[in-house]
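Topology and contacts: notes
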Amino acid sequence: YSAVAYYFARKLHKDLGVPVGVIKTAWGGKPVETFTSREALSSIPETKEMVTRLLEADRTFDPQKANQQYEKRLESWNKAVKSWREKGNTAGKRAPRRPGKPKRPLLTEGQPGVLYNAMIHPFVGYTMKGAIWYQGEANAREGKVPYDITLPLMINDWRSRWGINFSFLYVQLANFKTVRTNPGDNDPWPLLQNRMRLVLDTTPKTGMATINDVGAANDIHPKNKQDPGTRLARWALFHDYGKKDVVYSGPLYAGTMTEGNAITAKFKSVGTGLKSRDGKALARFEIQDANKEWHWATAEIMGKDSVRISSKSVSDPVAARYAWAANPEGANLVNSEGLPKAVF
């Protein structure tokens, strides 16, 4: 079962004192497009192309040819396994993975609309309060269609199927991969994290749990499931169950203002005020000069809800950003509840 869903439901149950039911429907390592109906995907040009390619692949699928190719891959796999066993696995390498049997494209998990048909549509009509979503790793490579288009497309597709504008709460990707210590990182991971953040502003009744403080460099699935679950529950308690005393999120970007050689960023959802998680100076802030080069910046908390960002190396800043790395070790801006600031 989903541990994140369990901790989400447990938090609601403990705070509300009522039973909470959760339906889990998931398949690891799959893109958002497979959980979206092909009707919805066909409604915009950017994703319609995916459906067109899939239908053409299914139309031209030759089971006999596919099986012949499978037999060749199976033969190669048997040879590779034999070699792996003869070497006694002395290098500590895993055994070669057995090739999967061929499937027609329209029945292949991960293809556009396939998991929607199999694992979402059967539940349409069930009474429900909302949905929680923990996915995005499979979409981390920037493709033709950015995630802040495909995720809202799926959300609105589901809502239209149920006929309810239910809440949709999701987990932002955790920190992952090797720690980078230079500014100007262009890894696609923080780009997708940022696109997830943008959905909050474009799609009503959405919420995002930030977990860039619980990930692991070598594990795409962090072991800490309780923080993601309870952070999702904060959104539900505040927005769906009227618990207005709950700080429902870490600091959320609310805008910037340039003043001389500094940029001041303002945040909402700060509780009683912003602070450093570890008591040290704020870290992982960057500032960009007129030549569009990024520099590490000094950041100071101003008042309750703002941070002033500057660098001695930049006299005419044009942009600022925070935690812009796949694994922004040292990022330490939190609110009074200790909830982390998301990448911006």
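Residues numbered from 1 in each chain as written. Predicted model: local features only at pLDDT ≥ 70, side-chain atom pairs only at ≥ 80, totals over all residues. Heavy atoms only, no water.

1. Side note on the layout of surface pockets
If you add up the space inside the largest pocket, you get close to 1300 Å³. Lining the largest pocket are 46 residues, and of these Ile23, Lys24, Thr25, Ile132 and Trp133 sit closest to its centre. Of all the elements in the fold, those that place two or more residues in the lining of the largest pocket are helix H1 (3-16), strand E1 (130-133), helix H6 (147-162) and strand E2 (167-171). Of all the elements, H1 adds the most residues to the lining of the largest pocket, at 6 residues. Of the residues that constitute the lining of the largest pocket, the class distribution is 29 nonpolar, 11 polar and 6 charged. Within this model, the second largest pocket holds a volume of roughly 230 Å³. Pro31, Glu33, Met50, Asn139 and Val145 are, among the 17 residues lining the second largest pocket, the residues nearest its centre. (1 Å grid on protein atoms, 1.4 Å probe; cavity = no way out; pocket = protein on both sides within 12 Å on 5 of 7 lines; lining within 4 Å. Points joined across faces, edges and corners; volume = space filled by probe spheres on them. Helix = DSSP H or I, 4+ residues; strand = E, 2+ residues; numbered from the N terminus. Nonpolar A, V, L, I, M, F, W, Y, C, P; charged D, E, K, R; others polar.)

2. What to know about the nonpolar core
Residues Trp133, Leu151, Met154, Trp158, Phe168 and Tyr170 are the most contacted members of the largest nonpolar core, which totals 46 residues. When contributions to this core are tallied by element, the ones reaching two or more residues are H1, helix H5 (114-119), E1, H6, E2, helix H7 (188-202), strand E3 (206-209) and helix H8 (226-239). The contacts of Leu151, once residues within four sequence positions are left out, are Val32, Trp133, Phe168, Tyr170 and Val199. Counting residues in each nonpolar core, the second largest holds 21 residues, with Phe285, Ala299, Ile309 and Val343 among its members. (Core = buried A, V, L, I, M, F, W, Y, C linked by side-chain atoms within 4.5 Å. Buried < 20%, exposed > 50% of the residue type's maximum accessible area, 1.4 Å probe, protein only. Contact = heavy atoms within 4.5 Å.)

3. Describing the sheet that holds strand E7 (residues 285-288)
Pairing in this open sheet of 3 strands is antiparallel, and the strands run E8-E7-E11 from one edge to the other. Here the strands that pair on one side only, and so sit at the sheet edges, are strand E8 (294-296) and strand E11 (319-322). Taking each pair of neighbouring strands and ignoring which way they run, the sheet shows an average axis angle of 30°. Across 4 bridges, E7 lies against E11 in antiparallel orientation. Across the sheet, residue Phe285 finds its bridge partner in E11, namely Tyr322. (Pairing = 2+ DSSP bridges. Axes fitted to C-alpha atoms, helices over the stretch in contact; angles between N-to-C directions.)

4. Quick look at the pairing of strand E4 (residues 252-259)
Where E4 meets strand E5 (residues 262-268), 7 bridges bridge the pair, whose relative direction is antiparallel. When the bridges of E5 are listed, Glu259 appears paired with Ala262. Taking the residues between adjacent antiparallel strands as the criterion, E4 and E5 are bridged by 2 residues, where Gly260 takes a positive phi near 65°.

5. Thoughts on the sheet that holds E5
As summarised here, the arrangement of the 4 strands in space is E4-E5-E10-E9, forming an open sheet in which the pairing is antiparallel. The open sheet is flanked by E4 and strand E9 (298-302), the only strands paired with a single partner. Neighbour-to-neighbour, the strand axes of this sheet turn through a mean angle of 25°, independent of strand direction.

6. Side note on empty space enclosed by the protein
On inspection of all chains with the given rule, the structure shows 2 cavities of 30 Å³ or more. When its volume is computed, the largest cavity comes out at roughly 60 Å³. As for the largest cavity, its lining consists of Met208, Ala209, Thr210, Arg231, Trp235, Tyr248, Ser249, Gly250, Leu339 and Pro340. Among the secondary structure elements, those contributing two or more residues to the lining of the largest cavity are E3 and H8.

7. Some details on the pairing of E5
Judged by how many residues are buried, E5 sits mostly within the fold: 5 of 7 residues are covered. Note: E5 against strand E10 (residues 306-310), 5 bridges, orientation antiparallel. Looking at the pairing, Ile263 lines up with Ile309 of E10.

8. A word on unusual backbone geometry
Phi angles above zero are rare outside glycine, and Ser269 is one such case at about 55°. Note that Ser269 resides in the loop between E5 and strand E6 (275-276). Residue classification places Ser269 among the buried residues on the basis of a relative accessible area of 14%.

9. Focus on the environment of Leu169
Its place among the elements puts Leu169 in strand E2. You can call Leu169 buried: its relative accessible area is 5%. Separated by 107 residues in sequence, Leu169 and Asp62 have C-alpha atoms that sit 41 Å apart. Among residues more than four places away in sequence, those in contact with Leu169 are Phe8, Ala131, Ile132, Trp133, Thr206, Gly207, Leu232, Trp235 and Ala236.

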